[in-house]
Amino acid sequence: MRPLDGVVVVSLEQAVAVPYATRLLADLGARVIKVERPGTGDFARHYDSSCGDVSSYFAWTNVGKESVTLDINHPDGREILERLVAKADVLLCNLSPCVWSRLNLDLPETLIVGELSGYGWDGPYADRKAFDALVQSEAGLVSLTGEGDVIARAGISVADIAAGVQLHSAVLAALLQKARTGSGARLRLSLFEAMAEWMHQPMLYAAGTGAAAPRSGAHHPSIAPYGPVACADGAVHLAVQNDGQWQRLCGLIGLAAEERFATVASRVEHRDELQKLLERAFCTMTADELLAALDAADVPAALTRPITDLPTHPQLSTWVDVRVPGGSVRMLPPPVAGFEWSPGAVPALGAHTDQVLRWLGCSEEELSSLRVRSVL
């Protein structure tokens, strides 16, 4: 028995944010019925071609779902959608607000409805397009990321992920509330608000100090030494956060107490000098040798690995083959252990249309008629 066994989620979803939220719900046992456009489907299917016939984004966010193709703008398609919604516990949507408003669905009071927009439903940005990099930029993340005069977006779709995680947790809370009261919920979230929530710490820092922390690449803007240090064959990432760790690092490299490095603030002020000193001390050591020495001295550190090393990382021992259209890919199980997890396939476009519509009570004649009229 999985926590969400028996829960039916219908999702009008595309791209990453809501698909990630529903993937997390599917991991917990929910039946997720993904409604896609006939012919093309979720445009994220074709971002790249690294996972069989689908993209890496799509494979990651659509494990264990059912795909139904449906023209929701056709009167018969809308009627099928309303029949789906009537059997659902949760309805999620990240279509544009104007499309969602035009649908004007008759929603049961017991239904949990989650709507995701770009910037919200009112205000001067309500009608603007909002994609992950744009939201990162508007929320200030791009301005903090990079080094010196060079700015950069985060290397993953962090705004989409932030929204997906927060929508997922809100749905779980709403399901708990419904179990207690029998009432549904109307949940609204925007990509921008999700990203702004995650930007609290640098925002508070800037408000309290009068200036944003400087861009410092992989180094921490207000702690040192906290970042990669070059060695003979690569780099090791240090994370020295307190005086005890600093003293143990000094003992490792034979550094006498110096006033210019006495506090965190002074080490940040003299970061360049400290970096040169450390790299001079470590330049003859390999990354493995340096990490072993730091571990022995109880100084927090890690190897700076390329993403291509992650599949063989010694700490990740459990991988699962997941079927995708056109093949299979190795994926990790959910990071929180404790619940049974058996991954379903990533669905081909419309792979479950007939099955789901039969579940709604459609006859073979109705299915044929809907296909002839390009509703499915």
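Since this is a predicted model, take the numbers as computed values, not measurements.

Draft legend 1. View of the side chain of Asn 94. The topology assignment puts Asn 94 in the loop between β4 (90-93) and α4 (97-103). Residue classification places Asn 94 among the buried residues on the basis of a relative accessible area of 12%. For Asn 94, the side chain forms a polar contact with the main-chain oxygen of Gln 14, separated by 2.9 Å.

Draft legend 2. Local environment of the nonpolar core. Among the nonpolar cores identified, the biggest contains 36 residues, and Val 9, Val 90, Leu 92, Val 171 and Met 195 are the most heavily contacted of them. With 8 residues, the single largest contributor to this core is helix α7 (residues 158-181). Beyond its immediate chain neighbours, meaning those up to four positions away, Val 9 contacts Thr 22, Leu 25, Ala 30, Arg 31, Val 32, Ile 33, Val 90 and Leu 92. Grouped together as the second largest cluster of nonpolar side chains are 29 residues, Leu 81, Val 85, Leu 95 and Leu 103 included.

Draft legend 3. Region of the structure containing empty space enclosed by the protein. Enumeration according to the criterion identifies 1 cavity of 30 Å³ or more in this entry. If you trace the largest cavity, you find it lined by His 219, Ala 224, Pro 225, Tyr 226, Gly 227, Val 229, Arg 271, Leu 274, Gln 275 and Leu 278. Looking at the lining of the largest cavity, the elements that each hand over two or more residues are β9 (226-231) and α12 (271-282). The dominant element in the lining of the largest cavity, judged by the number of residues it contributes, is α12, at 4 residues. Residues that form the lining of the largest cavity fall into these classes: 6 nonpolar, 3 polar and 1 charged.

Draft legend 4. Examining the packing of helix α1 (residues 17-27) against α7 more closely. It is at 7 Å that the axes of α1 and α7 come closest, and there the two elements cross at 45°. Taken together, α1 and α7 sit at an angle that is classed as oblique. Considering only the axes of α1 and α7, their crossing is right-handed. Residues Ala 17, Val 18, Tyr 20, Ala 21, Leu 24 and Leu 25 of α1 lie in contact with α7, whose contacting residues are Asp 160, Ile 161, Ala 163, Gly 164, Val 165, Leu 167, His 168, Val 171 and Leu 172.

Draft legend 5. Highlighting the state of the cysteines. Overall, the coordinates contain 0 disulfides when judged by the stated rule. With no disulfide of its own, Cys 250 lies 18 Å from the sulfur of Cys 283, the closest cysteine sulfur. Between Cys 283, a cysteine without a disulfide, and Cys 231, which holds the nearest cysteine sulfur, the sulfur-to-sulfur distance is 9.7 Å. Owing to a relative accessible area of 41%, Cys 283 belongs among the partly exposed residues under this scheme.

Draft legend 6. The arrangement of the pairing of β9 in detail. Taken together, the 6 bridges between β9 and strand β10 (residues 234-239) define a ladder with antiparallel strand orientation. Its bridge partner being in β10, Gly 227 is matched across the sheet by Leu 238. Counted between consecutive antiparallel strands, the loop separating β9 from β10 contains 2 residues.

About the criteria used
- Residues numbered from 1 in each chain as written.
- Predicted model: local features only at pLDDT ≥ 70, side-chain atom pairs only at ≥ 80, totals over all residues.
- Heavy atoms only, no water.
- Helix = DSSP H or I, 4+ residues; strand = E, 2+ residues; numbered from the N terminus.
- Buried < 20%, exposed > 50% of the residue type's maximum accessible area, 1.4 Å probe, protein only.
- Polar contact = N/O pair within 3.5 Å; in protein donor to acceptor, adjacent residues only side chain to side chain.
- Core = buried A, V, L, I, M, F, W, Y, C linked by side-chain atoms within 4.5 Å.
- Contact = heavy atoms within 4.5 Å.
- 1 Å grid on protein atoms, 1.4 Å probe; cavity = no way out; pocket = protein on both sides within 12 Å on 5 of 7 lines; lining within 4 Å.
- Points joined across faces, edges and corners; volume = space filled by probe spheres on them.
- Nonpolar A, V, L, I, M, F, W, Y, C, P; charged D, E, K, R; others polar.
- Axes fitted to C-alpha atoms, helices over the stretch in contact; angles between N-to-C directions.
- Parallel < 35°, antiparallel > 145°, perpendicular 65-115°, else oblique.
- Left-handed = near helix turned anticlockwise from the far one by under 90°.
- Disulfide = S-S within 2.5 Å.
- Pairing = 2+ DSSP bridges.

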